[in-house]
Amino acid sequence: MKRSVNMSVTVTLMVTLIMANNQSVFAAAPPASNDYYLTNQLHLSQIKADKAWPTVNSNEQIIIAVLDTGVDYKHPDLKGNLLPGVNLVNAGKSAQDDNGHGTEVAGVLAASGNNNIGVSGVLWNAKILPIKILNSKASSDEELIAKGINVALDRGAKVIVMSVSSMAYSKSLAAAVQRAERSGAVLVAASGNESSRVAYPAAYPTVVAVGAVRSNNEVLSQANTGPELNLVAPGLNVYTTKLGGKYGSFSGTSAAAPQVAGAAALILARHPNLSPFDVRQLLYQTATDLGEKGWDRKTGYGLLDVNKAVKTALSYDFLEPNDSPSKAKAFPIESQIRGNLGPKDTVDWLKMDIPYDGKVSFTATVTSGISSAMAATFYPENRQPITQYFGNGDTITVPVKAGSMNIRLMRNGGVNNAFNYVLTSKFTINPDRNEPNDTQETARPLVGNQISVTGNFHDEGDQDWFSYYVREYGHLDVTVSPDNKRVDLLLGLGKQAPGQKAVVWDPLYDNGTRVNPTERVSKEVSPGKYYIRVSEYSRNAVNGEYQLDLGYTPVKKDFNEPNDTYQKASPLSGGTVMSGTIPTAADPDWFQFTVNSESYVTFRAPYIPVDSGFRFALYSDRNMNYALASTNEVAELSNSGNEVIGLRLQPGKYYVRLNSGTSFKYDSYRLTVTQQKLIAGYRDISDHWARSEIVRLSSRDIVNGFNDASFKPNQAVTRAEFATMLLKSMRATGSKVATTYTGNTTFRDMKKRHWAYHNLGVAYQLGILKGYPKNEMKPDQPISRAEMAVMIARARDVLMYNRGTSNYQDVPTSHWASPAIEALTSRNWLSGYGSSFKPNGRATRAEVVVVLSKAYQI
């Protein structure tokens, strides 16, 4: 993706169009000028511009260039402050704004103040030079920014504001920035809105990099931050001029940068002889500290304070006190810092945050004429201290490790006078551990199926080569992700022609965006040697890293093939498992298995590689024309944890046909078959302690199982179920028991449509079953063991009386069911659990079957 330059406002959170008869009112301090909508401009009081205006509010002595989309020359609040502009997008045409962004920026900077209309800029009166470098879509490139700076300098601009951002380093842009410093022009730029590192041109050391905060001074989430950040200013709903003579709000670091540029112009109105460096230092010196104490990566030196900036004398060492390690002040990489050393202040301590292993170069400007006026001792993390000496114009380079580094600056012993110093830092990342790998011959081999390596572009033109040998057909996934958005990746993938050096390359993979700069390859590969080439779009050296992740998946071998017809059906692996791949939608897999006795057969799918479209069909060798059972939702059933199919099968040979509408060959499906031999038609009683009783009572139709061939012997029995079983037992042994309830008693929870209505009614009519208070029968409530004993005793007309002792420690003789429990226990129809009976425990289906079998001798 070729980096483009964009306006540094990505989200406009509120736009309020103000017409003369439609005023929006916002609470604010009393206006410091008579502009009609000044109360909407809350940012002006946040940066204390209103307090500065009585001291200075204009600067018509210098030219201020606005590099943007142009400006609306007809806007009543701007036209008095505009110079004839320059259009670098369409040469020869005017710099009239065709997007609106430049008009918004210009209004924040210098909408005419105190003119009884509209809004006020930080500057009331100014000479604004619009230079159109952004097209109607607010995009451009780095070369046009550089050209815009040079044109501004040619026209004599002394302040240049750029609410534009690009993640790409540019030599021509760097040269233009350096020329501006030599020409005495202050450069101010928005940090950008990519939620990443500070963008260019703001990232250059001699440009004031401006981030954005809310009204409560919290940093905007999208605003770029990092070691290059210098200041912040309000960037949410900043009220300003709009195209067509209108007014409204816009947001982002674009809205913050012109506030700082306006402050720089006011400083120059007060102190016209200050250098760009002095202006920057005064802005940093007077900022309101936010976040961590002193400079920090999110807010720089703090919030712009225009009032202090225009009223405070310039300090040549505003970082004091910093004469001990505990008082060390931050020295961001890629920035400038100024201090003073003298007889009473012989040492300054600084601290630097190092993002990667590399080296830092320091260039010094020292006002002393001594060739080595200052000694600098560097304390890199996990390294021995290094001492170097500085004279005016000297550059020294120090190797550093990722982490923190303290720096001690001392006045050399032979220097008697005080002097000022300026240090400019430049960080360069070390070559990555894969170097040298800049060519096909030096390509770094990658070994394994899952590989992750880290690389970088430490030199201009650096590109990284890797090789990977594919031994069998498979699928290759390569992902390259940068750790910051300054790294604009290009990814190449090619295969070496057999027996040749030449590589046949895919088209370059360059699909990353500003939001997601990751590049990806996902493709089928064949045996042979592949090369991976990673490079930076502009061939820049970049202080950042990328991570390359490679994943190779070989085609899964299907050892059951060929099994694409039932004549070639594979026997189940281990007698229970079906496994394989479906490389094409037209490839079915067949399996066979044998059932030796009547069984309940359950098919489950522990793993299916696709989400839908997987089909299952079961056939008997007695009729291959029609499936006994089938489903197209195997994957869905697998994902939900449900069985695919369960059914009764008679002895014989069976076939399973599997196919999928979505093919897959890098992973295997897995289906299992479970056969459960049926006993009396049940699959879950073969080794149960009540098996014989269950079989006998089932044969007499006293008890029944469930549709899935289970009896569920340990499941609780409801009152309705027990009443039905009990009446069936009575009928099976010759009792004349009615089948229809003709009584008059009704229960509010026992409707006639209830499946056991008549059985419950007959049991009630016979006195076997009692109801509950509030006229309830509770037919679906599980029956307790105590209730079971009482109902059987009533049904069998057993003599019940209170005993003197109890067989069970948990059934005292006073218990309401004790007579029945003791009577049935004495007949050996009922038993407990050792010395316990658990009268309130739920009676299970197995327990009921055994008690009925004994009580009725079935």
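Residues numbered from 1 in each chain as written. Predicted model: local features only at pLDDT ≥ 70, side-chain atom pairs only at ≥ 80, totals over all residues. Heavy atoms only, no water.

J.: Help me out: how do you make sense of the overall build of the chain in this one?
T.: Looking only at helices and strands, the chain has 15 helices and 39 strands in total. Over its C-alpha atoms the chain spans a radius of gyration of 43 Å, topping by over 25% the 29 Å that the globule rule assigns to 858 residues. Principal axes of the C-alpha set define a box for the chain whose edges measure 125 × 80 × 60 Å. Buried residues in the chain amount to 55% of all 858 residues. By sequence separation, contacts in the chain at least 24 residues apart represent 74% of the contacts at least 6 residues apart. Carbon and sulfur atoms make up 48% of the accessible area of the chain, which amounts to about 36200 Å² in all. Across the chain, the centroid of the 88 positively charged side chains sits 7 Å from that of the 77 negatively charged ones. (Helix = DSSP H or I, 4+ residues; strand = E, 2+ residues; numbered from the N terminus. Rg over C-alpha atoms; globule rule 2.2 N^0.38 Å. Buried < 20%, exposed > 50% of the residue type's maximum accessible area, 1.4 Å probe, protein only. Contact = heavy atoms within 4.5 Å. Areas by Shrake-Rupley, 256 points an atom, 1.4 Å probe, with all protein chains shown as cover. Lys, Arg positive; Asp, Glu negative; His and termini not counted. Charge placed at Lys NZ, Arg CZ, Asp CG, Glu CD.)

J.: Explain the pairing of strand E32 (residues 577–582) here, please?
T.: For a regular strand, the rule is simple: side chains alternate between the two faces of the sheet. E32 sits mainly inside the fold: five of its six residues count as buried. Bridge analysis of E32 against strand E39 (residues 664–677) gives five bridges, and the strand direction is antiparallel. Paired with Gly-580 across the bridge in E39 is Tyr-669. (Pairing = 2+ DSSP bridges.)

J.: What am I meant to see in the sheet that holds strand E20 (residues 403–411) here?
T.: Hydrogen bonding along the main chain pairs the strands of a sheet, whether they run parallel or antiparallel. Pairing is mixed in the open sheet, where five strands are placed in the order E13-E15-E20-E17-E18. Each edge of the sheet is formed by a strand with only one pairing partner; in this case those strands are strand E13 (329–330) and strand E18 (386–390). The pairing of strand E17 (residues 374–380) with E18 spans five bridges and is classified as antiparallel. Note on E18: the bridge partner recorded for Ala-375 is Tyr-389.

J.: Explain the layout of surface pockets to me, please; I cannot follow it from the model alone.
T.: The probe, sized like a water molecule, is rolled over the atoms to show the empty space still left. Approximately 760 Å³ is the volume found for the largest pocket. Forming the boundary of the largest pocket are 32 residues, of which Tyr-169, Tyr-204, Pro-205, Glu-334 and Lys-426 lie nearest the centre. Broken down by class, the residue content of the lining of the largest pocket amounts to 12 nonpolar, 11 polar and nine charged. Considered as a void within the structure, the second largest pocket measures approximately 420 Å³ in volume. If you trace the second largest pocket, you find 18 residues lining it, with Asp-289, Lys-293, Gly-294, Trp-295 and Lys-329 closest to the centre. At the level of elements, helix H7 (276–286) and E13 are the ones that each hand at least two residues to the lining of the second largest pocket. (1 Å grid on protein atoms, 1.4 Å probe; cavity = no way out; pocket = protein on both sides within 12 Å on 5 of 7 lines; lining within 4 Å. Points joined across faces, edges and corners; volume = space filled by probe spheres on them. Nonpolar A, V, L, I, M, F, W, Y, C, P; charged D, E, K, R; others polar.)

J.: I would appreciate a short explanation of the confidence of the model for the chain in the present structure.
T.: Detail in the predicted coordinates should be disregarded across regions flagged by low pLDDT. Mean pLDDT over the chain works out to 92, with 96% of the residues at or above the 70 mark. Here residues 9–31 is modelled with pLDDT under 50, and outside its nearest four sequence neighbours on either side it reaches 48 contacts, counting other chains as well. (pLDDT = per-residue confidence, 0-100.)

J.: Is there a simple way to explain the side chain of Ser-660 in this structure?
T.: By secondary structure assignment, the location of Ser-660 is in strand E38 (residues 652–660). With relative accessibility at 0%, the residue Ser-660 sits in the buried group. In this structure the side chain of Ser-660 is engaged in a polar contact, spanning 2.6 Å, whose partner is the backbone oxygen of Thr-662. Setting aside chain neighbours within four positions, we find Ser-660 in contact with Ile-582, Ala-585, Val-610, Gly-613, Phe-614 and Arg-615. (Polar contact = N/O pair within 3.5 Å; in protein donor to acceptor, adjacent residues only side chain to side chain.)

J.: Sorry, what's going on with the environment of Tyr-301 here?
T.: Mapped onto the fold, Tyr-301 is located in the loop between H7 and helix H8 (306–311). Tyr-301 gets classed as buried once you look at its relative accessible area, which sits at 9%. In the structure, Tyr-301 is positioned 15 residues away from Thr-286 in sequence and 8.7 Å away in space, judged by C-alpha atoms. Beyond its immediate stretch of four places on either side in the chain, Tyr-301 contacts Asn-230, Leu-231, Tyr-284, Ala-287, Thr-288, Asp-289, Trp-295, Phe-318 and Pro-332.

J.: Explanation requested: empty space enclosed by the protein in the structure shown.
T.: One pass over the full model with this rule turns up three cavities of 30 Å³ or more. Its boundaries defined by the atoms lining it, the second largest cavity holds a volume of some 80 Å³. Per-element accounting of the lining of the second largest cavity gives the leading share, four residues, to H7. When the residues that make up the lining of the second largest cavity are grouped by side-chain class, the tally is seven nonpolar, four polar and three charged.

J.: What exactly am I supposed to notice about helix H12 (residues 757–765) here?
T.: Each full turn of the α-helix corresponds to 3.6 residues, which orients residues three or four apart in the same direction. For H12, the full list of buried residues reads Tyr-757, Asn-759, Leu-760, Gly-761, Val-762 and Ala-763. Contacts from the buried residues of H12 go to helix H11 (719–732). Of the residues one or two after H12, Gly-767 is the one with positive phi, at around 85 degrees.

J.: Can you help me understand the environment of Lys-293 in this one?
T.: Mapping Lys-293 onto the fold places it in the loop between H7 and H8. Taking the C-alpha atoms as reference points, Lys-293 and Ala-330, 37 residues apart in sequence, are found 9.7 Å from one another.

J.: Whenever I open this one, the nonpolar core confuses me. Can you help?
T.: One recurring pattern in soluble globular proteins is that nonpolar side chains are buried together. Residues Leu-283 and Phe-362 are the most contacted members of the largest nonpolar core, which totals 97 residues. Of the residues forming this core, the biggest block, 11 residues, is contributed by helix H6 (residues 253–270). Excluding residues within four positions of it along the chain, Leu-283 makes contact with Leu-231, Val-260, Ala-263, Ala-264, Ile-267, Leu-304 and Ala-309. If you look at the next biggest cluster of nonpolar residues, it comprises 59 residues, including Ala-763, Ala-786, Trp-829 and Ala-846. (Core = buried A, V, L, I, M, F, W, Y, C linked by side-chain atoms within 4.5 Å.)

J.: Help me out: how do you make sense of helix H14 (residues 818–826) in this one?
T.: When you tally the buried positions in H14, you get eight out of nine residues, the bulk of the element. Every buried residue of H14 is listed here: Ser-818, Pro-819, Ala-820, Ile-821, Glu-822, Ala-823, Leu-824 and Thr-825. Structurally, H14 contributes buried residues whose contacts are with helix H13 (785–795). Positive phi shows up at Asn-828, right after H14, with a value of about 65 degrees.

J.: I'm lost on the side chain of Asn-484 in this one. Help?
T.: Within the secondary structure layout, Asn-484 lies in the loop between strand E25 (474–482) and strand E26 (489–496). A distance of 2.9 Å separates a polar side-chain atom of Asn-484 from the backbone nitrogen of Arg-486. In contact with Asn-484, other than residues within four places in its own chain, are Ser-196, Arg-197, Tyr-356, Asn-543 and Gly-544.

J.: Can you help me understand the sheet that holds strand E10 (residues 231–234) in this one?
T.: Taken in spatial order, the seven strands line up as E3-E4-E2-E6-E8-E9-E10 in an open sheet, and their pairing is parallel. Each of the sheet's edge strands pairs with one partner strand only, and the pair in question is strand E3 (86–87) and E10. Two strands pair when backbone bridges link them, and E3 and strand E4 (residues 125–132) are joined in this way by two bridges, in the parallel orientation. If you follow Val-86 over to E4, its bridge partner there is Ile-131. Sheet contacts for helix H4 (residues 142–154): strand E2 (58–68), E3, E4 and strand E6 (157–162); angle to E6, the most-contacted strand, approximately 155 degrees. (Axes fitted to C-alpha atoms, helices over the stretch in contact; angles between N-to-C directions.)

J.: Looking at this structure, how should I read the packing of helix H3 (residues 101–110) against H6?
T.: Packed helices, taken two at a time, are described by the angle between their axes plus the distance between the axes. The contact between H3 and H6 brings their axes to 8 Å, and the two run at 40 degrees. Like other packed secondary-structure pairs, H3 and H6 cross with a definite hand, here right-handed. Between H3, through His-101, Val-105, Val-108 and Leu-109, and H6, the contact on the second element is made entirely by Ser-254, Ala-255, Pro-258, Gln-259, Ala-261 and Gly-262. In terms of residue class, the contact of H3 with H6 is built from six nonpolar, four polar and no charged. (Left-handed = near helix turned anticlockwise from the far one by under 90°.)

J.: I would appreciate a short explanation of the pattern of salt bridges in the present structure.
T.: Applying the stated criterion across every chain, the model contains 19 salt bridges. In this structure, the salt-bridge partner of Arg-486 is Glu-228, at a minimum N-O distance of 2.8 Å. Of this pair, Arg-486 sits in the loop between E25 and E26 while Glu-228 sits in the loop between strand E9 (207–213) and E10, and the two are 258 residues apart along the sequence. For Glu-228, a relative accessible area of 3% gives the class buried. Between Glu-847 and Arg-785 there is a salt bridge; the shortest N-O distance is 3.2 Å. With Glu-847 in helix H15 (residues 845–855) and Arg-785 in helix H13, this residue pair connects regions lying 62 residues apart in the sequence. A single network of salt bridges, built from pairs that share partners, joins Arg-197, Glu-228 and Arg-486. (Salt bridge = Lys/Arg side-chain N within 4 Å of Asp/Glu carboxyl O.)

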